[in-house]
Every structure is written in structure tokens, then in C-alpha cells.
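As a plain string of letters, each chain reads:
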Amino acid sequence: MLAPLMSSPQPQHNPRMSQGGKLSFRSRVQDLEDDPGDRLVIGGDDPPNLDELVPDHFDEVEIEVGPGKGAYLIAATEAKPDTFLLGIEAAMGYASLAATRLKETGRANGAFLVDNGKLFLRDRVAAGALAAVHVYFPDPWPKRRHRGRRFFTEDVPGTLARAIRDDGYCLIATDNAGYAGQIARVMGNSDLFERDEDEEQRRIELGPGHAFTPTNFERKYIEQGRIIRRYAFRRLPDERS
Ligand SMILES: C[S@@+](CC[C@H](N)C(=O)[O-])C[C@H]1O[C@@H](n2cnc3c(N)ncnc32)[C@H](O)[C@@H]1O
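Residues numbered from 1 in each chain as written. Predicted model: local features only at pLDDT ≥ 70, side-chain atom pairs only at ≥ 80, totals over all residues. Heavy atoms only, no water.

**Q** Describe the pairing of strand β2 (residues 60-65), listing the residues and the values that go with them.
**A** Consecutive residues of a regular strand have side chains that alternate between opposite faces of the sheet. When you tally the buried positions in β2, you get five out of six residues, the bulk of the element. Bridge count between β2 and strand β3 (residues 83-89): six bridges; the pairing is parallel. Bridged to Val 61 within β3 is Phe 84. Note that the unit made of β2, helix α2 (residues 71-79) and β3 has a crossover that is right-handed. As paired strands, β2 and strand β5 (residues 130-136) are joined by four bridges and run parallel to one another. When the bridges of β5 are listed, Glu 62 appears paired with Ala 132. (Buried < 20%, exposed > 50% of the residue type's maximum accessible area, 1.4 Å probe, protein only. Helix = DSSP H or I, 4+ residues; strand = E, 2+ residues; numbered from the N terminus. Pairing = 2+ DSSP bridges. Right-handed = clockwise from strand over helix to strand, strands pointing away.)

Written out as C-alpha cells, the structure is:
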């Protein structure tokens, strides 16, 4: 069973949301008048572990960091009915809206947790527990003084490699050329991952919900004619620390 909605709304200051600087919170979707049922878990300052959130019968588990309004994760619950998909979203309003939409599908193989995805991967996920981590259109934080808030910082390959099983994947999309360069460098230089262009193509051909698409930001950027870069990094088999 999915854990119940955790405690009260987030405290004003949650140290988990200020690692490297305060994460963004979208204020437009904050009324919480929707009904996310048990598809939404509010992590607060002591979120549950992954295994408390995933029903026992799921062997395949994937996480999406920063799902926003949930378009990709909801499509993935349809495309991959035997996989459990957990979205870790920092903005409460987005997570609540996404969970309401997921609940409306009637599918039970997904949920949204309000937390910091980077910390959750680090301290709430058992080693090798994940088949994949998806990160689509992560906030680029263009100002130099905010760069520490980016998801793909130098420490992230190690964090991802611990949580992703051997030959599992980290799947990424971004429209931001500068951030794409940082992602390619940080992930590409790691001896824990290898870029797999065949897998990128394979997943694109499988269609919506298998990786990369659909997301709200993707739709917006395609309409604007922006170039979108998509990456699949395979977790290389190795001894785990
Ligand atoms: C630019 S939006 C992209 C949303 C969605 N992936 C899409 O493509 O439409 C980035 C999202 O990541 C969330 N976010 C940023 N940093 C995060 C973190 N460390 N953990 C969880 N969510 C995060 C933001 O709140 C926001 O909803």
C-alpha cells in the first residue's frame, strides 16, 4: 500500500529544499483545492524511503526528478503498466496538480512526492533500486550565483550511480545549450556512466511515456522552435561504494 499523505503542509523553512540555494517554487499553482488522494505524499523534513512508497509487487521502479505538472510521468504509467513511477517535485502546487491528474486516470502504478530530488536519491533510495531516473528540462538557473542549484552538479553522477542498477539509465532532456554542455561534461566525464545514442533513438521510437516525451516544457519549446537535446546515459556495471 502507498503511504498515506504525510503530515501537514511543508514548514516554511525546510532545509531539504535549500541545498545549494533555495529551489524554485511555482506560485501560480498553489491553491491545493484539487483532490490528489493517495497519489500525493508530502515529504516535509523527514520524507519516507522509496520502499515505503512502492507497493511490494513492483520489481521495476523509476524516478522522475522535477516532473512539474506530471505529463511525462502520467504518460509513463500508461506506457509501462508493470513499472512504478515516482515523481519527486519540489513545488507543492505542481505536485498536487500532477497527483490529481494521475488519480483521475485510475492507475495505481505512480505517485508524486514533494521533496528535493537530489537529496531523495542520496538518502532515501537503496543502492541499485532504480531501473531509470528521468530529468526533463531541469531548471537552468542562468545566473552565475545560482549555478549551485542546478541538478547536474559534479556530485550527481555518484548520486545517480548509487541509486541506478547496473545497465539502468539516466534520461535527460534540455533546451538550454549551456546547461546541455554542463550535463554532457559532468555525465560524460564520469566513469560510472556512458552515453548510449542507440538507446536514445530506441526510446524515442517507442513513443510517449518511454522516455523524453511528453512534457509541458517540451511542448512549449517545440512551439518556439528551440533545439532540444536528449541524452540516455547507461549506468556502467561496477563495484558499488
Ligand atoms: C523547468 S520545470 C520542468 C518541468 C517538467 N519536467 C517539464 O518538462 O514540463 C523544472 C521543475 O523541476 C522542479 N525542481 C527543480 N529542482 C528540483 C529538485 N532538486 N527536486 C525536485 N524538483 C525540482 C521545479 O519545481 C520544476 O517543477
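**Q** How would you sum up the packing of aromatic side chains? Please name residues and give values.
**A** Tallying each qualifying case throughout the model produces eight aromatic pairs. Ring centres of Phe 152 and Tyr 179 lie 6.3 Å apart, and the angle between their planes is 65 degrees; on these two criteria the pair is classed as edge-to-face. Separated by 27 residues along the polypeptide, Phe 152 in the loop between β5 and α5 (156-163) and Tyr 179 in helix α6 (residues 177-188) bring together distant segments of the chain. Tyr 179 shares its class with Phe 152; the two are buried. What links up through ring pairs into an aromatic cluster is the set Tyr 72, Tyr 136 and Phe 212. A cation over a ring is seen here: Lys 118 above Phe 151, with NZ or CZ 5.9 Å from the ring centre. Across from the ring centre of Trp 141, 4.9 Å away, lies the NZ or CZ of Arg 149, which sits over that ring. (Phe/Tyr/Trp six-rings, centres within 6.5 Å; stacked < 30°, edge-to-face > 60°. Lys NZ or Arg CZ within 6 Å of the ring centre and 35° of its normal.)

**Q** Could you give me a rundown of unusual backbone geometry, with the residues and numbers involved?
**A** A cis geometry characterises the amide bond from Thr 213 onward to Pro 214, with omega recorded as 0 degrees. Residue Phe 137 is not a glycine yet carries a positive backbone phi of 55 degrees. Its location among the elements puts Phe 137 in the loop between β5 and α5. Here the phi dihedral of Trp 141 falls at roughly 45 degrees; this positive angle occurs in a residue that is not glycine. Tracing the backbone through its elements, the reader meets Trp 141 in the loop between β5 and α5.

**Q** Explain the site of the ligand to me, using residue names and the numbers behind them.
**A** Not every one of the 21 residues close to the ligand is listed here, only the nearest: Gly 66, Glu 89, Gly 117, Tyr 136 and Thr 215. In this structure, a nitrogen atom belonging to the ligand sits 2.8 Å away from a main-chain N or O atom of Gly 66. Within the backbone of Gly 117, an N or O atom sits 2.8 Å from a nitrogen atom of the ligand. Coverage of the ligand by the protein chains reaches 95% of its 600 Å² of free accessible surface. Mapped onto the shell around the ligand, the elements with two or more residues apiece are β3 and α8 (216-223). (Near = heavy atom within 4 Å. Polar contact = N/O pair within 3.5 Å; in protein donor to acceptor, adjacent residues only side chain to side chain. Areas by Shrake-Rupley, 256 points an atom, 1.4 Å probe, with all protein chains shown as cover.)

**Q** With reference to specific residues and values, describe the pattern of salt bridges.
**A** Tallying each qualifying case throughout the model produces 17 salt bridges. Measuring nitrogen to oxygen at the nearest pair gives 2.5 Å for the salt bridge that ties Asp 175 to Arg 226. Of the two residues, Asp 175 is situated in the loop between β6 (164-174) and α6 and Arg 226 in the loop between α8 and β8 (229-235); the sequence distance between them amounts to 51 residues. Using a relative accessible area of 38% as the deciding quantity, one classes Arg 226 as partly exposed. Between Arg 230 and Glu 218 there is a salt bridge, with the nearest N and O atoms lying 3.3 Å from each other. A residue pair is termed long-range when its members are at least 10 positions apart, and Arg 230 in strand β8 and Glu 218 in helix α8 qualify at 12 residues. Since its relative accessible area comes to 7%, Glu 218 is described here as buried. Through salt bridges with shared partners, a single ionic network connects Arg 16, Asp 46, Asp 115, Asp 123 and Arg 124. (Salt bridge = Lys/Arg side-chain N within 4 Å of Asp/Glu carboxyl O.)

**Q** Before we move on, can you summarise the side chain of Arg 234 with the specific residues and values?
**A** Considering the arrangement of structural elements, one finds Arg 234 in strand β8. If we skip the residues at most four places from it in the chain, Arg 234 touches Asp 167, Gly 168, Tyr 169, Leu 192, Phe 193, Glu 194 and Asp 196. (Contact = heavy atoms within 4.5 Å.)

**Q** Report on the confidence of the model for the chain, specifying residues and quantitative values.
**A** On average, residues of the chain score 90 in pLDDT, and 88% of them are at 70 or above. Across residues 6-11, where pLDDT falls below 50, the model places 12 contacts with residues more than four positions away in sequence or in other chains. (pLDDT = per-residue confidence, 0-100.)

**Q** Which residues make up the environment of Ala 180, and what values do they have?
**A** Within the element layout of this structure, Ala 180 appears in helix α6. Looking at Ala 180, the relative accessible area reads 2%, which means it is buried. Separated by 40 residues in the primary sequence, Ala 180 and Pro 140 place their C-alpha atoms 9.3 Å from one another.

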